[in-house]
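Here is how the chains run, residue by residue.
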Amino acid sequence: MEELALHILDLVQNSLAAGATEVVIEIKEDAAGDLLIITIKDNGSGMDQEFVRRVLDPFTTTRTTRRVGLGLSLLAMAARQAGGDVQISSEKGKGTTVTATFGLRHWDRPPLGDVPATLVTVLAGAPKLDLIYRHTVDDRTFTFCTREVRRELGEVPINDPKVLTFLKRYLQEALTSLHGGGGVDEA
Amino acid sequence: MTKLKSLDDLRRLREELQKEVEARQGGETQIIVGMGTCGIAAGAREVMTAILEELARRNIKATVLQTGCIGMCEKEPLVDVVRPGEKRITYGHVTPRDVPRIIGEHVVNGRIVEDLVVGRAN
Ligand SMILES: Nc1ncnc2c1ncn2[C@@H]1O[C@H](COP(=O)(O)OP(=O)(O)OP(=O)(O)O)[C@@H](O)[C@H]1O
Ligand code: FES
Ligand SMILES: [Mg+2]
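Residues numbered from 1 in each chain as written. Chains lettered and ligands numbered in written order. Predicted model: local features only at pLDDT ≥ 70, side-chain atom pairs only at ≥ 80, totals over all residues. Heavy atoms only, no water.

Caption draft 1: Local environment of the overall build of chain B. Along chain B, the regular secondary structure elements total four helices and five strands. When the elements of chain B are put in sequence order from the N terminus, they spell out α-β-α-α-β-β-β-α-β. Going through the 122 residues of chain B one by one, you find that 49% of them count as buried. If you take every contact in chain B between residues at least 6 apart in sequence, the share linking residues at least 24 apart comes to 63%. Accessible area for chain B stands at about 6100 Å²; split by element, carbon and sulfur atoms hold 48% of it. If the 19 positive side-chain charges of chain B are averaged to one point and the 18 negative ones to another, these points end up 2 Å apart. (Helix = DSSP H or I, 4+ residues; strand = E, 2+ residues; numbered from the N terminus. Buried < 20%, exposed > 50% of the residue type's maximum accessible area, 1.4 Å probe, protein only. Contact = heavy atoms within 4.5 Å. Areas by Shrake-Rupley, 256 points an atom, 1.4 Å probe, with all protein chains shown as cover. Lys, Arg positive; Asp, Glu negative; His and termini not counted. Charge placed at Lys NZ, Arg CZ, Asp CG, Glu CD.)

Shown next, in the form of structure tokens:
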């Protein structure tokens with residue numbers, strides 16, 4: 001995958017396949033520590049410990065359409081190539097947390113990529129999902145929560161194409177501002 | 001200080017869309033994008049956002065859905081179009097550039113874009 005945002009999209013698909021109704025995506029860019037941390041936490045069906053130990057192996061999958069599961073092993077490969085790693089903690093019936101670390105300035109770190117496109121794509125496929133997205137750059141944090149969005153929308157569905165294209169632009173602006181571009185006007 | 005787009009702006013959009021929600025009958029055309037790992041790696045996310053932009057821009061009512069892996073890796077990105085009462089048509093190797101054609105011809109006018117079809121089912 002060329003972008004970390006595509007890995008994020010893929011991980012959230014795992015969460016949705018595990019029946020998650022809430023997913024928290026957290027991105028931390030820490031220049032002082034030269035660290036980029038991505039955490040995806042879900043309340044899906046989880047995995048037992050024995051399975052978690054094997055899950056980074058591409059031949060571990062519960063899918064039936066093919067015998068290899070690529071998502072997590074591709075992520076682990078990308079993280080290790082960029083001076084980081086992947087950690088998974090999971091509890092059957094409770095949920096799963098996947099944490100991937102990367103050297104922020106590492107040559108081989110894939111770019112973060114188009115996070116707004118990833119978020120609206122998730123919502124297009126899972127309009128009922130409680131999605132919380134928290135992005136921290138050094139000491140500034142931006143938070144996006146679909147519960148708040150739904151409150152504003154009333155009966156209008158969040159997956160209406162006009163709503164999603166609005167949200168994509170909203171998120172793009174927020175992230176540009178978080179990275180120091182444009183004017184900042186945050187509550 | 002520039003005023004950023006804020007979630008308050010959603011309220012205006014809500015008022016605009018509320019009327020359409022009430023007018024909607026269901027029985028809409030479904031557009032289904034394959035969002036398995038190979039689909040994502042092959043560009044399915046860009047196809048999805050292109051579909052959303054095109055529907056929003058042309059004010060077309062259709063239901064956009066996702067599906068996971070269906071075991072057709074080599075033909076990803078895959079997009080299915082199902083018009084009410086018609087066969088499910090699967091398009092393969094779809095790029096964002098193909099999206100206006102699929103929507104303009106098939107979703108709106110019911111004319112299948114034959115050169116992109118990789119499968120048909122009832
Ligand atoms: N968040 C999660 N909750 C519960 N189980 C998970 C989660 N993520 C992964 N798994 C389990 O781990 C397996 C391997 O995941 P991985 O993403 O590597 O491959 P896959 O999803 O099976 O296939 P692919 O990602 O290639 O489409 C999955 O089949 C699933 O059983
Ligand atoms: S996503 Fe490629 S075969 Fe399923
Ligand atoms: Mg997966």
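Read on, since the account is not over.
Caption draft 2: Representation of the sheet that holds strand β4 (residues 88–91) of chain B. Residue and element names in this part refer to chain B. One open sheet holds the five strands; their spatial order is β2-β1-β3-β4-β5, and the pairing between them is mixed. A strand with exactly one partner marks an edge of an open sheet, and here the two such strands are β2 (63–67) and β5 (117–121). Taking each pair of neighbouring strands and ignoring which way they run, the sheet shows an average axis angle of 20 degrees. Alignment of strand β1 (residues 30–34) against β2, held across five bridges, turns out to be parallel. Each bridged residue has a counterpart across the sheet, and for I32 the counterpart in β2 is L65. (Pairing = 2+ DSSP bridges. Axes fitted to C-alpha atoms, helices over the stretch in contact; angles between N-to-C directions.)

Caption draft 3: Structural context of the nonpolar core. Of all hydrophobic cores here, the largest spans 87 residues; its most connected members are F102(A), L167(A) and I51(B). Of the residues forming this core, the biggest block, nine residues, is contributed by helix α6 (residues 161–178) of chain A. Here L167(A) is in contact with V120(A), L123(A), F144(A), V149(A), I158(A), L7(B) and L10(B), once residues within four sequence places are set aside. (Core = buried A, V, L, I, M, F, W, Y, C linked by side-chain atoms within 4.5 Å.)

Caption draft 4: Geometry of the interface of chain A and chain B. Across the contact, 46 residues belong to chain A and 39 residues belong to chain B. Together chain A and chain B conceal approximately 3900 Å² of surface at their shared face, both sides included; 62% is due to carbon and sulfur atoms. The tally of links from chain A across to chain B stands at six salt bridges. The salt bridge partner of R45(B) is E3(A), with a shortest N-O separation of 2.8 Å. (Buried area = accessible area lost by both parts, 1.4 Å probe. Salt bridge = Lys/Arg side-chain N within 4 Å of Asp/Glu carboxyl O.)

Caption draft 5: Summary view of the pattern of salt bridges. Residues and elements named next belong to chain A. Evaluation of the coordinates by the stated rule reveals 23 salt bridges over all chains. Across the pair K94 and E91 runs a salt bridge, and its minimum N-O distance is 3.3 Å. Assessed through its relative accessible area of 44%, E91 is described here as partly exposed. What emerges from the salt-bridge pattern is a single network uniting E22, D130, R147 and R150.

Caption draft 6: Region of interest: empty space enclosed by the protein. Residues and elements named next belong to chain B. Going through the model one piece at a time under the given rule, you end up with one cavity of 30 Å³ or more. If you add up the space inside the largest cavity, you get close to 30 Å³. Taken together, I31, I51, V79, V99, I102 and I103 form the lining of the largest cavity. Top element by residues in the lining of the largest cavity is helix α4 (residues 99–109). It accounts for three residues. When its residues are assigned to classes, the lining of the largest cavity shows six nonpolar, no polar and no charged. (1 Å grid on protein atoms, 1.4 Å probe; cavity = no way out; pocket = protein on both sides within 12 Å on 5 of 7 lines; lining within 4 Å. Points joined across faces, edges and corners; volume = space filled by probe spheres on them. Nonpolar A, V, L, I, M, F, W, Y, C, P; charged D, E, K, R; others polar.)

Caption draft 7: Representation of the pairing of strand β6 (residues 140–145) of chain A in the model. Residues and elements named next belong to chain A. Bridge count for strand β5 (residues 130–137) against β6 is six bridges, and the pairing is antiparallel. Note that in β6 the partner of R134 across the bridge is T143. Turn length for the β5-β6 hairpin, with the two strands adjacent in sequence and antiparallel, is two residues, and the turn residue D138 shows positive phi of about 55 degrees.

Caption draft 8: Seen up close, α4(B). All names here are of chain B. Looking at α4, one finds that the buried residues are V99, I102, I103, G104, H106 and V107. Its buried side turned inward, α4 meets β1, α3 (44–58), β3 (79–82) and β4. G110 sits one or two positions beyond α4 and adopts a positive phi of about 75 degrees.

Caption draft 9: Summary view of the environment of Q49(A). All names here are of chain A. As for its position among the elements, Q49 is in helix α2 (residues 49–54). The spacing of Q49 and H106 is 57 residues in sequence and 31 Å in space, taken between C-alpha atoms. A distance of 2.8 Å separates a polar side-chain atom of Q49 from the backbone oxygen of S90. (Polar contact = N/O pair within 3.5 Å; in protein donor to acceptor, adjacent residues only side chain to side chain.)

Caption draft 10: Just the sheet that holds strand β3 (residues 86–91) of chain A, in detail. Residue and element names in this part refer to chain A. Judged by pairing direction, the sheet is mixed, and its six strands sit side by side in the order β3-β4-β2-β1-β5-β6 without closing on themselves. Single-partner strands in this sheet number two, and they are β3 and β6. Ignoring strand direction, the axes of neighbouring strands in this sheet form an average angle of 10 degrees. Direction of pairing for β3 relative to strand β4 (residues 95–103): antiparallel, over a ladder of six bridges. Directly across from S89, in β4, lies its bridge partner T97.

Spatial relationships are all this shows, so hold off on functional conclusions.
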